[in-house]
Amino acid sequence: MPRYDDEVKRIEAKWQAYWDQHQTFHVDLAQTDSASTGKLYVLDMFPYPSGAGLHVGHPEGYTATDIVCRFGRMRGKRVLHPMGWDAFGLPAEDYAIKTGTHPAVTTAKNIETFKRQLKSLGFSYDWSREFATTDPEYYRWTQWIFLQLFDTWYDPGHVWTGPDGKSRTGKGRPIAELPIPADVTSQGTEAVRRYQDHHRLAYQHEAPVNWCPALGTVLANEEIVDGKSERGGHPVERVPLRQWLLRITAYGDRLAAELDDLNWPESIKSMQKNWIGRSEGAEVDFFVGTSAASAGGTTSPAAFEAWKSARAKTGFPQDPASDVIRVYTTRPDTLFGVTYMVLAPEHPAVERLTTLEQRAAVDSYRQQAATKSDLDRTDLAKGKSGVFTGGYAINPVNGEQVPIWIADYVLISYGTGAIMAVPAHDERDLEFATVFQIEVRPVVAPKDQPQHGTPGFFEHGVAVNSGPYTGLPTLEFKAKITGDLQASGLGRKAVNYRLRDWLFSRQRYWGEPFPLWHELDAAGQPTGLLRTDPEASLPVRLPEMANFKPTGTPDPMLSKAPDDWLYATAPDGTRLKRETNTMPQWAGSCWYYLRFADPKNSQQFLDPAIEKSWLPVDLYVGGAEHAVLHLLYSRFWHKVLFDRGHVSTVEPFQRLINQGMILGEVEFTGYVLGEAQGAKTDGSPRRWISVRDLTASVDEEGTATRIVEQTGEVALPVTLDVDAVEKKGDSFVLKEQPQIVVDSRAYKMSKSRGNVINPDVVVDQFGADSLRLYEMFMGPLEAVKPWSMKGVEGVARFLGRVWRMIIDEQHETEVKLNPAVQDVPATAEQLRVAHRTIKAVTRDVESTGFNTAISRMMEFVNEFLAQDVRPRAVIEPFVLLLSPFAPHIAEELWGVLGHSKTLAYESWPTYDEKYLVETEVEIPVQLNGKLRGKVTVPAGADQPAIEAAAKADATIAGQLAGKTIVKTVFVPGKMVNFVVK
RNA sequence: GCCGAAGUGGCGGAACCGGCAGACGCGCUGGAUUCAAAAUCCAGUGUCAGCAAUGACGUGUGGGUUCGAGUCCCACCUUCGGCACCA
């Protein structure tokens, strides 16, 4: 009795070994194949090989791409489907700190586990392309790309046509092509080098960074959630430090605009656009004079007039001089409503503008702001705070004196770090003005009541009280005044981004070293001048280190590296010290999709011929948690490589699908009062409380709890058995006490909740095919879905039925063909079912509707299990349809059906419409749009025939009696509807 | 607060262009097989009324368009994801 459940382990091991031995999925990209119908590059977001092993979330996307690949091969496509490891990063290093195990050892071990697990699922990767981002032969080229970034400056006005034939403005160009101003050239080569360094896409910057003492590293803004580190939830401090940044903002426009042509979910595109946050407005200079503070905080009208007429001649300077405060605004139309200005506390002009009387208050406020973490700043932002500097500026449009404040609601890192405040028409300014009782002057009115300006009106409208501009609609006003300011040298059009430059250095060990040296002076101090490692000498390997304890300071780990790694003397005698920062984890994942196409190339990062024929990635599948960062960084690098002529496409990922998260099993949670955690119970009746009477709350430790709305008493959650609850109305209640409403929901899988499903366990119990099939059957790939072990049993049962449909279970020992499978012609009805299934499954796979494709196959099996004769001519195509989903059982059945080699390259079945036509069809009959009956008529029956049949039907006739048909709606082949009175 | 996605049986979900709501699976009920159980097979299963034929109601809520709305339009509610002083 060879039952499927008894055979599954043998079958899966057998076919995994077969695919390995025959290199079934190996693809040689250099080879051309005239018979192929094109290339298909399908990529999974490669995993970080954590110590916890594979999670059931991983195989979801991996199964989807595997189906697409297997389907593609059967349709004659040449398929590139690689897998590798995103292996640099914090966890391996944290483990090293704890145990002393070298991160390379931990990483290798974890990779081994992941690989074993992935192989046990039968994915059709070309494993010969495998690599990890930690391989020196890989990070050699990561460093090489960094050198490209270092060698590039962005020329925003450059108009050019790329290899894609499209014209665009703005290009990353070699630093050698950067025009050097004459006054810089005249200062000598060192000045030129510094000028170039100032314009590179990779540059150094001293800035307050997010220093996390617990992790011993500086974090990027994106790695901080609610003021705490994303990993571990540790507090973060602001500390000034020299950092490497990548000038991603230079590409802001192109990163936003070039999303349009991509086949990505609209939600991801809009998330990226929001993240980039492009805004258009104007920069305006407010005159403060040269000695504002010493002049008692005010500036003479005469000096202002002189400045203005000078500006009319010179125009608006590129960089503001110290006699002005430059602001950025998106609403230059509200210039007549300005009643104060605000500088960020860190703004360099604060020092100069602060009067003697205000100095103490300003200094103390600045100190507070500097030490505050972002969290504190957000917390305190619930009310606005700020201090008057004592200084004044002059409003360029009306010559008014405007008081200058500092406040931390203005950020130094956005725009110019200074704003003109218009409390009447900006919510934040209004809040601030209310706290400090500053004048609110309305200058915009709603279109429908244009007489008076309306304070608190934040939308577009019509200008009032705005001198010569009064009466203009907002948009016209903006355009006009921006032009006028430009003409008089007082302002200009400006664009800003919410996106900041990318903080690219980390102070950890387990990352790519920078291929850079700092020149040292005679005293051994850095001069600020840099040298690069020659390309031929890459990779710069990580030095061996004795211990991995963090330095305890923001100094990088590598500053403790051995001297022979740290120091060198250049041929010209200059002493050099290595850059000791390492690159962030994002670096390795920014370009791995390129290397997969040519992973062994020791001459180039990627062969241009292969790049041209195999890029871009046609389908990229991964979790939505990478919707912004990874995908934005990758696109940025790709565009730089494009500008520098190393790749021929502007975008790396043509099509993107985000798989939805898999949650744990649905849980029912009731709440009780008067019990402590884990203290139950003496058998006394529990004091159940309905969730309707509870409200969510967060305690001091940040843990979410439920409390009684009226009394504030904390309710203890109790997990309930399914049998203890029932549905009542819209909610679930206790069976015993139906007035007690309970929670019913699925939670994110987590160790602490204990609802994690281990794929190894599922494979062991049901087999890889069942796991794959279940994950695809759960629902749409993109949806968030709860796990259900019963559901896995369901698909395992289906595979058992497939097995019995084709295999003779009566036979004692041998896996033999079921005698019902015969070489006889299929009946018309059997052909109809088969071709209907082929049509539906094909369409569903093409549209990634895997759940419905599986439903169709289930219908096929339900149909054919009931038949005593199962013609081979319909059974074989079915096995092929099933094979991308459940490849092991399909290969086995294919063998039993008499084939000697893998079905991986068999032609995908095709259907013929002629088998799909039915002889009779059932037509629904409606009366006034309501279904009243059905009539069966020959296929292709015309309207009169169907109407006659409908009227002849007993129930319809009864309903029609005594009524008049006013109208008949007829949809051929679909339905007929009588409108009656 | 802003941006995005989604609300359909007891549960996961299906329904292509506005045309039979609930495919397929889970669960549940009854039956067959069995000494018994597992496994398997058969039948039923949106709610209410009815012995039944059948009827009424039914896709988050309220309105609208239409012969006909889960699907289109307007307003709102809830859940999830993202952003959050970006001037």
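Peer 1: Explain the pattern of salt bridges to me, using residue names and the numbers behind them.
Peer 2: Throughout the structure, instances matching the rule amount to 63 salt bridges. Taking the shortest distance from any N to any O, the salt bridge between Glu-258 and Arg-254 comes out at 3.8 Å. As far as burial versus exposure is concerned, Glu-258 and Arg-254 are alike and both buried. Where Glu-280 meets Lys-493, a salt bridge forms, and the shortest distance between an N and an O atom there is 3.5 Å. Separated by 213 residues along the polypeptide, Glu-280 in strand β10 (residues 279–287) and Lys-493 in strand β18 (residues 491–496) bring together distant segments of the chain. Assessed through its relative accessible area of 41%, Glu-280 is described here as partly exposed. Through salt bridges with shared partners, a single network forms among Asp-164, Arg-168, Arg-254, Glu-258, Arg-635, Lys-639, Asp-643 and Glu-651.

Peer 1: Kindly report on the sheet that holds strand β22 (residues 567–569), identifying the contributing residues and their values.
Peer 2: With antiparallel pairing, four strands are arranged side by side in an open sheet as β21-β20-β23-β22. The open sheet terminates on both sides in strands that have one partner only, identified here as β21 (526–532) and β22. Averaged over all adjacent pairs, the angle separating strand axes in this sheet is 35 degrees, with direction ignored. Bridge count for strand β20 (residues 516–520) against β21 is four bridges, and the pairing is antiparallel. Bridge pairing links Trp-517 to Arg-531 in β21. Relative to the sheet, helix α7 (residues 189–199) contacts β20 and β21, its axis offset from that of β21 by approximately 70 degrees.

Peer 1: Before we move on, can you summarise the side chain of Thr-354 with the specific residues and values?
Peer 2: With respect to the secondary-structure elements, Thr-354 resides in the loop between α11 (350–353) and α12 (359–371). A relative accessible area of 4% places Thr-354 in the buried class. A polar atom in the side chain of Thr-354 sits 2.7 Å from the backbone oxygen of Val-350.

Peer 1: Provide a residue-level description of the environment of His-81, including the pertinent values.
Peer 2: As for its position among the elements, His-81 is in the loop between β2 (78–80) and α3 (90–99). Sequence separation between His-81 and Val-27 is 54 residues; the distance between their C-alpha atoms is 8.8 Å. Contacts of His-81, omitting those with residues within four sequence positions, involve Val-42, Asp-44, Thr-65, Asp-66, Cys-69, Arg-73, Ser-124, Tyr-125 and Asp-126. Within polar-contact distance, the side chain of His-81 engages the backbone oxygen of Val-42 at 3.0 Å.

Peer 1: Any chance you could break down the pairing of strand β11 (residues 324–329) for me, citing the residues and the numbers?
Peer 2: The buried fraction of β11 is high, at six of six residues. Of the two faces of β11, the one carrying Val-324, Arg-326 and Tyr-328 and the one carrying Ile-325, Val-327 and Thr-329 are both buried. When β10 meets β11, the two strands line up antiparallel, connected through six bridges. By the bridge assignment for β11, Ala-282 is matched with Thr-329.

Peer 1: Any chance you could break down the environment of Glu-112 for me, citing the residues and the numbers?
Peer 2: Checked against the element boundaries, Glu-112 lands in helix α4 (residues 103–119). Since its relative accessible area comes to 59%, Glu-112 is described here as exposed. In sequence terms Glu-112 and Leu-530 are 418 residues apart; their C-alpha atoms lie 40 Å from each other.

Peer 1: Help me get a handle on the pairing of strand β38 (residues 920–927), residues and values and all.
Peer 2: Relative to strand β39 (residues 930–938), β38 runs antiparallel, the two sharing eight bridges. Following the sheet pairing, Val-925 is matched in β39 by Gly-933. Between β38 and β39, which pair antiparallel and follow one another directly, the connecting turn spans two residues, one of which, Asn-928, has a positive phi of 50 degrees. In this sheet, strand β41 (residues 975–980) lies alongside β38 in parallel orientation, the contact comprising three bridges. Paired with Gln-926 across the bridge in β41 is Asn-977.

Peer 1: Got a sec to walk through helix α10 (residues 301–314)? Specific residues and values, please.
Peer 2: Compared with an ideal rise of 1.5 Å per residue, which puts 14 residues at 20 Å, α10 spans 20 Å between its outermost C-alpha atoms and is within 8% of the ideal. In this structure, the buried side of α10 is in contact with β10, β11 and β13 (387–394).

Peer 1: Pulling in residues and values, what's your account of the sheet that holds β39?
Peer 2: In a beta sheet, neighbouring strands are held together by backbone hydrogen bonds and run either parallel or antiparallel to one another. Spatial ordering of the open sheet is given by β39-β38-β41-β40, a layout of four strands whose pairing is mixed. Each edge of the open sheet is held by one strand with a lone partner, namely β39 and β40 (965–971). Within the sheet, the average angular offset between the axes of one strand and its neighbour, ignoring direction, is 20 degrees. By the bridge criterion, six bridges tie β40 to β41 in an arrangement that is antiparallel. Note on β41: the bridge partner recorded for Lys-967 is Val-979.

Peer 1: Summarise the packing of helix α23 (residues 789–806) against helix α26 (residues 872–882); cite the residues concerned and give the values.
Peer 2: At a closest axis distance of 12 Å, the pairing of α23 and α26 adopts a crossing angle of 150 degrees. Comparing the axis directions of α23 and α26 gives the class roughly antiparallel. You can see that α23 and α26 cross each other, and the crossing is left-handed. Contact residues: Phe-798, Leu-799, Val-802, Met-805 and Ile-806 in α23; Ile-875, Phe-878, Val-879 and Leu-882 in α26. Partitioning the contact of α23 with α26 into residue classes produces nine nonpolar, no polar and no charged.

Peer 1: How would you sum up the packing of aromatic side chains? Please name residues and give values.
Peer 2: In this structure the tally under the stated criterion is 58 aromatic pairs. Measuring from ring centre to ring centre gives 4.9 Å for Tyr-469 and Phe-477, while their planes differ by 10 degrees; the resulting arrangement is stacked. The exposure classification of Tyr-469 matches that of Phe-477, with both residues buried. Each ring, one from Trp-586 and one from Tyr-633, has its centre 5.5 Å from the other, and the planes form 70 degrees; the classification is edge-to-face. Remark: Tyr-633 occurs in helix α20 (residues 629–643) and Trp-586 occurs in helix α17 (residues 586–589); sequence separation between them is 47 residues. You can call Tyr-633 buried: its relative accessible area is 4%. Three or more aromatic residues link up through ring pairs in this structure, and these residues are Phe-46, Phe-131, Tyr-138, Trp-141, Trp-144, Trp-591, Tyr-592, Tyr-593, Phe-596, Phe-605, Tyr-620 and Phe-653. If you follow Lys-384 out to its NZ or CZ, it ends over the ring of Tyr-409, 5.3 Å from the centre. Above the plane of the ring of Tyr-747 lies Arg-753, whose end atom (NZ or CZ) is 3.5 Å from the centre.

Rules of the game
- Residues numbered from 1 in each chain as written.
- Chains lettered and ligands numbered in written order.
- Predicted model: local features only at pLDDT ≥ 70, side-chain atom pairs only at ≥ 80, totals over all residues.
- Heavy atoms only, no water.
- Salt bridge = Lys/Arg side-chain N within 4 Å of Asp/Glu carboxyl O.
- Buried < 20%, exposed > 50% of the residue type's maximum accessible area, 1.4 Å probe, protein only.
- Helix = DSSP H or I, 4+ residues; strand = E, 2+ residues; numbered from the N terminus.
- Pairing = 2+ DSSP bridges.
- Axes fitted to C-alpha atoms, helices over the stretch in contact; angles between N-to-C directions.
- Contact = heavy atoms within 4.5 Å.
- Polar contact = N/O pair within 3.5 Å; in protein donor to acceptor, adjacent residues only side chain to side chain.
- Expected span 1.5 Å × (residues − 1).
- Parallel < 35°, antiparallel > 145°, perpendicular 65-115°, else oblique.
- Left-handed = near helix turned anticlockwise from the far one by under 90°.
- Nonpolar A, V, L, I, M, F, W, Y, C, P; charged D, E, K, R; others polar.
- Phe/Tyr/Trp six-rings, centres within 6.5 Å; stacked < 30°, edge-to-face > 60°.
- Lys NZ or Arg CZ within 6 Å of the ring centre and 35° of its normal.

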